[in-house]
Amino acid sequence: MSIPRPRLRTLLITAAVTASASLSLIPLASAHTTPAAPKPTVVLVHGAFADASSWNGVVERLQRDGYPVIAPANPLRGLAEDSTYVASVLASVKGPVILVGHSYGGAVISQAAAGDRQVKALVYIAALVPDKGEKLSALSNKFPGTNELAPALRPVPFSNSDGTGGSDLYVDPARFRAVFAADLPASQTVVMGAEQRPVAAAAFASSATAAAWRTIPSWALVARQDEALGAPLERFEARRAHSHTIEINSSHVAMISHPGTVTHLIEDAATSTAP
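Note that the structure is predicted; figures quoted are calculated from it, not measured. (Residues numbered from 1 in each chain as written. Predicted model: local features only at pLDDT ≥ 70, side-chain atom pairs only at ≥ 80, totals over all residues. Heavy atoms only, no water.)

(A) Local environment of the overall build of the chain. In terms of regular secondary structure, the chain is built from 12 helices and 9 strands. Per-residue burial over the chain gives 46% buried out of 275 residues. If you sum the accessible surface of the chain, you get close to 13,700 Å²; carbon and sulfur atoms cover 58% of it. (Helix = DSSP H or I, 4+ residues; strand = E, 2+ residues; numbered from the N terminus. Buried < 20%, exposed > 50% of the residue type's maximum accessible area, 1.4 Å probe, protein only. Areas by Shrake-Rupley, 256 points an atom, 1.4 Å probe, with all protein chains shown as cover.)

(B) The arrangement of the environment of A210 in detail. Within the secondary structure, A210 is located in the loop between α9 (201-204) and β8 (218-223). In this structure A210 comes out as buried when scored by relative accessible area, which is 15%. With 100 residues separating them along the chain, A210 and S110 place their C-alpha atoms 6.8 Å apart. Apart from residues lying up to four places away in sequence, A210 is in contact with S110, Q111, A114 and K132. (Contact = heavy atoms within 4.5 Å.)

(C) Fine view of unusual backbone geometry. Positive phi, close to 65°, is recorded for F49, a residue that is not glycine. Take F49: it is sitting in the loop between β1 (41-45) and α2 (56-64). Of note, S103 is a non-glycine position whose phi angle comes to about 55°, a positive value. One can find S103 in strand β3 (residues 97-103). Its relative accessible area of 8% is what places S103 among the buried residues.

(D) Fine view of the nonpolar core. Counting residues in each nonpolar core, the largest one holds 76 residues, and the members touching the most others are L44, L99, L122 and I266. Excluding residues that lie within four positions of it along the chain, L44 makes contacts with W55, V58, V59, L62, V69, I70, A71, P72, V100 and I266. (Core = buried A, V, L, I, M, F, W, Y, C linked by side-chain atoms within 4.5 Å.)

(E) Just the sheet that holds strand β9 (residues 244-248), in detail. Strand order across the open sheet formed by 6 strands is β2-β1-β3-β4-β8-β9, with parallel pairing between neighbours. Bordering the open sheet on either side are β2 (69-70) and β9, each of which pairs with just one other strand. Both β1 and β3 contribute to a ladder of 5 bridges, which runs parallel. Bridging across to β3, T41 finds its partner in V97. Of the strands in this sheet, β4 (119-127), β8 and β9 are in contact with helix α10 (residues 231-240), which crosses β8 at around 165°. Contacts from helix α12 (residues 259-272) reach β1, β3, β4, β8 and β9, with the element oriented near 165° to β8. (Pairing = 2+ DSSP bridges. Axes fitted to C-alpha atoms, helices over the stretch in contact; angles between N-to-C directions.)

(F) Highlighting the sheet that holds strand β6 (residues 165-171). Strand order across the open sheet formed by 3 strands is β5-β6-β7, with antiparallel pairing between neighbours. Edge positions in the open sheet fall to β5 (153-159) and β7 (199-200), since each of these has one partner strand only. Note that β6 and β7 share 2 bridges and pair antiparallel. Within the sheet, the bridge partner assigned to L169 lies in β7 and is V199.

(G) Expanded view of the confidence of the model for the chain. Residues with a pLDDT of 70 or more make up 87% of the chain, whose mean pLDDT is 91. With pLDDT under 50 throughout, residues 10-31 is counted as low confidence; its partners more than four residues away or in other chains account for 1 contact. (pLDDT = per-residue confidence, 0-100.)

Okay, here's the thing in structure tokens:
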């Protein structure tokens, strides 16, 4: 049975209008959407008297949010040796990097990142942030009476197979919680004190040979209850480096007691420096 021509024309027009309306509902940008850039790799460098497990809470959150993460073992043998090692870790990473340092690890990343164009941001967590030529011992004692670390240190001599040696520094386990981690449970800090990784005394006699924060944007967390470095020093360093700074009520190990806040600061650095 044939359809009368007037009705056929009406049906064809109706079909064309319906198809046009359907197409108009498709977002025009859908055919031209650029895939999101991959997230930068976050490299977390621990400090003295700790190891990479101190970043556990931060690593879990960053990975959950889709960030690739590396938390290498900082050798803690000296600023030149440690920064060279971390620089070699950075060289193994493809793509942009957000480089994070805690405590002595802040000095390490400041030197390791110098001249590395793939490091897009430096993040300092209750950290040492030396300038070029600045000795770590002088920097850590810049504000006398604001920290309790020096009197709590215990040197232990060590020897190497080639006949050389030196002294390792430990925090007195009896004072570990008060100086290092007063906002963590005693049951946790007694284990941390027993498992602490010492730093070579020579590390604090070192002078920084570079200050990457002069050319790379930085973020900083000041721990107000830090008895290891002291909040006055951390504020001074953050101002000098023109860091994007937050302050929280925390002990020296803010990444353990406040992993969510530390993660947020790192992700802020990542998003703020994204292409």
